[in-house]
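Descriptive analysis of the structure
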Amino acid sequence: MSQTLARNIDDIITDPKTYGDEHAYHAAFAALRREDPVHWTDPPDYRPFWAVTRHADIMAVELNAANFLNDPRQFLVTIADEDMLFEQTGSRNFARNLVAMDNPDHRAYRALTASWFGAKSVRNLEEEITALARETVDRMIEMGGACDFAKDIAAWYPLRTIMIVLGAPREDEPLMLALSQKIFGNTDAETGGGDGMASMVEASNAFNAYFSKITADRRTNPQNDVATILATATIDGEPIGEAERHAYYLIIAAAGHDTTSSAISGGLLALIQNPAEMAKLRADPSLIAGAVDEFIRWTTPVKHFFRTAVSDCEVGGKQVRAGDNLMMCYPSGNRDDAAFDAPFEFRVDRADAKKHIAFGYGPHLCLGNALAKLEIRILFTEILARIDDIELAGQPAWVEANFVSGLKRLPIRFRPKDRA
Ligand code: HEM
């Protein structure tokens, strides 16, 4: 192996701090792609795995769902936390949700909501989301020309959208935000309490209690929302189990907004840092729809998911054995120069942006991808139409978490267009 890979590369791959420093992350993973793109990683606190860092290898693994299963390992959990989870629940799996399922269950459970989340059907939400984006920018303007865009704006807008999707009342937003930050930001003391899996289990129990009430309500008052689909769902004529329903709610509620918030705040930061790209979007707002893919490629809020090999096989020239775990390193794949022209350049009109794998690939491709893209397009259309001179007003900071992370602070100054 080359000497350019850091000696402690296995720690770097797993350390939440790497993910709070985009330069550290990209330096380490660029070296991996060059020197050892499918890297056997054996850090002290985690069970070992292959880190798959190239775009083509990640796609090949994710497409071959028959040989690379989602069960039993989905994301990085320390051995100590896995043991704690096993003691408490009898399983090392956090929850039996879509990302933890394989066929035939995955196909059946995904089909319950797939058409609701399809591109055509989420367009029915366009009017409601546009009203929400207007209200969001009103709020930004009321803040008087300065705000912490990550905390004050980007954290709330996708959350409100998910509340609409689930049909949950607006007054419960602060509770939802706190719970999902505990789930994803649980290694960062500032956002999630910093106590790892204990935070996560506590938050997921609170989520379950909350959604039990919504389920009971929708069974007597059905509405046109995902909560009603889940409350009344059947597979092969049988109602779905309570654990599966809770896990379904949880993945939509939690996966649906931290991710999108990160793409929104990271997208804005990239525009501020690349003024010529911001100017292009302002001059031609029809570019915004395509730019959304570049925001998502650039930020790649989900840092990894795992797969487990069913049989011995080769991945990127390495001999993988049955039972080995593989970590799909999405942000690394999205900076792979074998897949993207000048991947470290942020370009709002990038021709190859749609090739990004920030939503994963294959049968588990993000269920909410059309919704996320719709939300981001509508918000940036509104921001760029009504706000000028957006600039940094302090140091941005990232959540230190190795699973889902993005900006936790983005202090900005700006000038509403209608005010001289
Ligand atoms: C920019 C925003 C988002 C990003 C970057 C993102 C990323 C991802 C990724 C990487 C996966 C795993 C894909 C794979 O294993 O191949 C995934 C799955 C999933 N996402 Fe998203 N997501 C986003 C927004 C959303 C939204 C808004 C929702 C909710 C409505 C959502 C719900 C889900 C669900 C339910 C799955 C599991 C799908 C399955 O296993 O079949 N996501 N997402």
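Refer to the structure presented above.
First, a word on what this report is: a plain description of the structure on this page. (Residues numbered from 1 in each chain as written. Predicted model: local features only at pLDDT ≥ 70, side-chain atom pairs only at ≥ 80, totals over all residues. Heavy atoms only, no water.)

Some words on the overall build of the protein chain
- Counting its secondary structure elements, the protein chain contains 20 helices and 14 strands.
- Relative to a compact globule of 420 residues, whose C-alpha radius of gyration would be 22 Å, the protein chain shows 21 Å and is just as compact.
- With the C-alpha coordinates aligned to their principal axes, the bounding extent of the protein chain is approximately 65 × 60 × 35 Å.
- Contacts spanning at least 24 positions in sequence make up 71% of the contacts within the protein chain whose residues lie at least 6 apart.
- As displayed, the protein chain offers around 17,400 Å² of accessible surface, 52% of which is attributable to carbon and sulfur atoms.
- Distance from the positive charge centre (44 side chains) to the negative charge centre (60 side chains) of the protein chain: 3 Å. (Helix = DSSP H or I, 4+ residues; strand = E, 2+ residues; numbered from the N terminus. Rg over C-alpha atoms; globule rule 2.2 N^0.38 Å. Contact = heavy atoms within 4.5 Å. Areas by Shrake-Rupley, 256 points an atom, 1.4 Å probe, with all protein chains shown as cover. Lys, Arg positive; Asp, Glu negative; His and termini not counted. Charge placed at Lys NZ, Arg CZ, Asp CG, Glu CD.)

Focus on the site of the ligand
- Lining the immediate surroundings of the ligand are 28 residues, of which E62, H106, R110, H364 and C366 lie closest.
- With respect to the ligand, the side chain of R307 contributes an N or O atom lying 2.8 Å from an oxygen atom.
- Between H364 and the ligand, the recorded distance is 2.7 Å, taken from a side-chain N or O atom to an oxygen atom.
- Only α6 (105-114), α15 (242-255), α16 (258-273), β7 (305-309) and α20 (369-386) provide two or more residues apiece to the shell around the ligand.
- For the shell around the ligand, a count of residues per class yields 18 nonpolar, seven polar and three charged. (Near = heavy atom within 4 Å. Polar contact = N/O pair within 3.5 Å; in protein donor to acceptor, adjacent residues only side chain to side chain. Nonpolar A, V, L, I, M, F, W, Y, C, P; charged D, E, K, R; others polar.)

Brief notes about the coordination of the iron atom of the ligand
- The sole protein-derived ligand of the iron atom of the ligand is C366 (SG), positioned 2.3 Å away.
- Relative to the elements of secondary structure, C366 occurs in the loop between α19 (330-333) and α20. (Donors = N, O, S within 2.8 Å, 3.2 Å for Na, K, Ca; no water.)

Concerning the pattern of salt bridges
- Per the counting criterion, the structure on display carries 31 salt bridges.
- For E126, the salt bridge goes to R377, with nearest N and O atoms at 3.3 Å. Pair noted here: E126 is in helix α8 (residues 126-142) and R377 is in helix α20, with a separation of 251 residues, a long-range link.
- The exposure class of R377 is partly exposed, given its relative accessible area of 26%.
- Ionic pairing is found between E345 and R347, a salt bridge with its closest N-O pair at 2.9 Å.
- For R347, a relative accessible area of 22% translates into the label partly exposed.
- If you follow the salt bridges from partner to partner, you end up with R134, D138, E382 and R386 in one network. (Salt bridge = Lys/Arg side-chain N within 4 Å of Asp/Glu carboxyl O. Buried < 20%, exposed > 50% of the residue type's maximum accessible area, 1.4 Å probe, protein only.)

Things to note about empty space enclosed by the protein
- In total, this model carries two cavities of 30 Å³ or more according to the counting rule given.
- In this structure, the largest cavity encloses a volume near 850 Å³.
- Lining the largest cavity are 47 residues, and of these V99, I251, A255, F305 and C366 lie nearest its centre.
- At the level of secondary structure, the elements contributing two or more residues to the lining of the largest cavity comprise α6, α11 (173-184), α15, α16, β7 and α20. (1 Å grid on protein atoms, 1.4 Å probe; cavity = no way out; pocket = protein on both sides within 12 Å on 5 of 7 lines; lining within 4 Å. Points joined across faces, edges and corners; volume = space filled by probe spheres on them.)

Topic: helix α4 (residues 55-63)
- Those residues of α4 not exposed but buried are H55, D57, I58, V61 and E62. One side of α4 carries all its buried residues, which in axial view fall inside an arc of 170 degrees. Those residues of α4 that are exposed and aimed more than 90 degrees away from the buried face are A56 and L63. (Arc of directions from axis to C-beta.)

What to know about the sheet that holds strand β4 (residues 146-148)
- Judged by pairing direction, the sheet is antiparallel, and its three strands sit side by side in the order β4-β14-β11 without closing on themselves. Each edge of the open sheet carries a strand with a single partner, namely β4 and β11 (387-392). Taking the axes of each pair of neighbouring strands and ignoring which way they run, one obtains an average angle of 30 degrees across the sheet.
- Sheet topology note: the β11/strand β14 (residues 411-416) ladder contains four bridges and is antiparallel. (Pairing = 2+ DSSP bridges. Axes fitted to C-alpha atoms, helices over the stretch in contact; angles between N-to-C directions.)

What to know about the nonpolar core
- By size, the foremost hydrophobic cluster in this structure holds 110 residues, and its most contacted members are F149, F211, L326, I390 and I412.
- Among the elements that take part in this core, α20 stands out by supplying 10 residues, more than any other.
- Leave out the neighbours within four places in its chain, and I390 touches L268, I272, M278, R282, I383, I412, R413 and F414.
- Ranked by size, the runner-up nonpolar core spans 17 residues in total, among them Y25, A28, A31 and Y46. (Core = buried A, V, L, I, M, F, W, Y, C linked by side-chain atoms within 4.5 Å.)

Quick word on the sheet that holds strand β2 (residues 49-52)
- Taken together, five strands build an open sheet; the order of strands is β1-β2-β10-β7-β3 and the sheet is mixed. With one partner strand each, in any of the chains shown, β1 (38-41) and β3 (68-69) form the two edges of the open sheet.
- Pairing of β1 with β2, which is carried by four bridges, proceeds in the antiparallel orientation. Bridge assignment links H39 to a residue of β2, and that residue is A51.

Section: the packing of aromatic side chains
- Under the counting rule described, the total for this entry stands at 13 aromatic pairs.
- An angle of 5 degrees between the planes, with centres 4.4 Å apart, marks the rings of F75 and F403 as stacked. Here F75 is found in the loop between β3 and α5 (79-89), whereas its partner F403 is found in the loop between β12 (397-398) and β13 (407-409), with 328 residues between them in sequence.
- The exposure class of F75 is buried, given its relative accessible area of 11%.
- Seen in terms of ring centroids, F295 and F346 are 6.1 Å apart; in terms of plane orientation they differ by 10 degrees. Their pairing is stacked. One end of the pair, F295, is in helix α18 (residues 288-299); the other, F346, is in the loop between α19 and α20, and 51 residues separate them in sequence. Across this residue pair, the class does not change: F295 and F346 are buried. (Phe/Tyr/Trp six-rings, centres within 6.5 Å; stacked < 30°, edge-to-face > 60°.)

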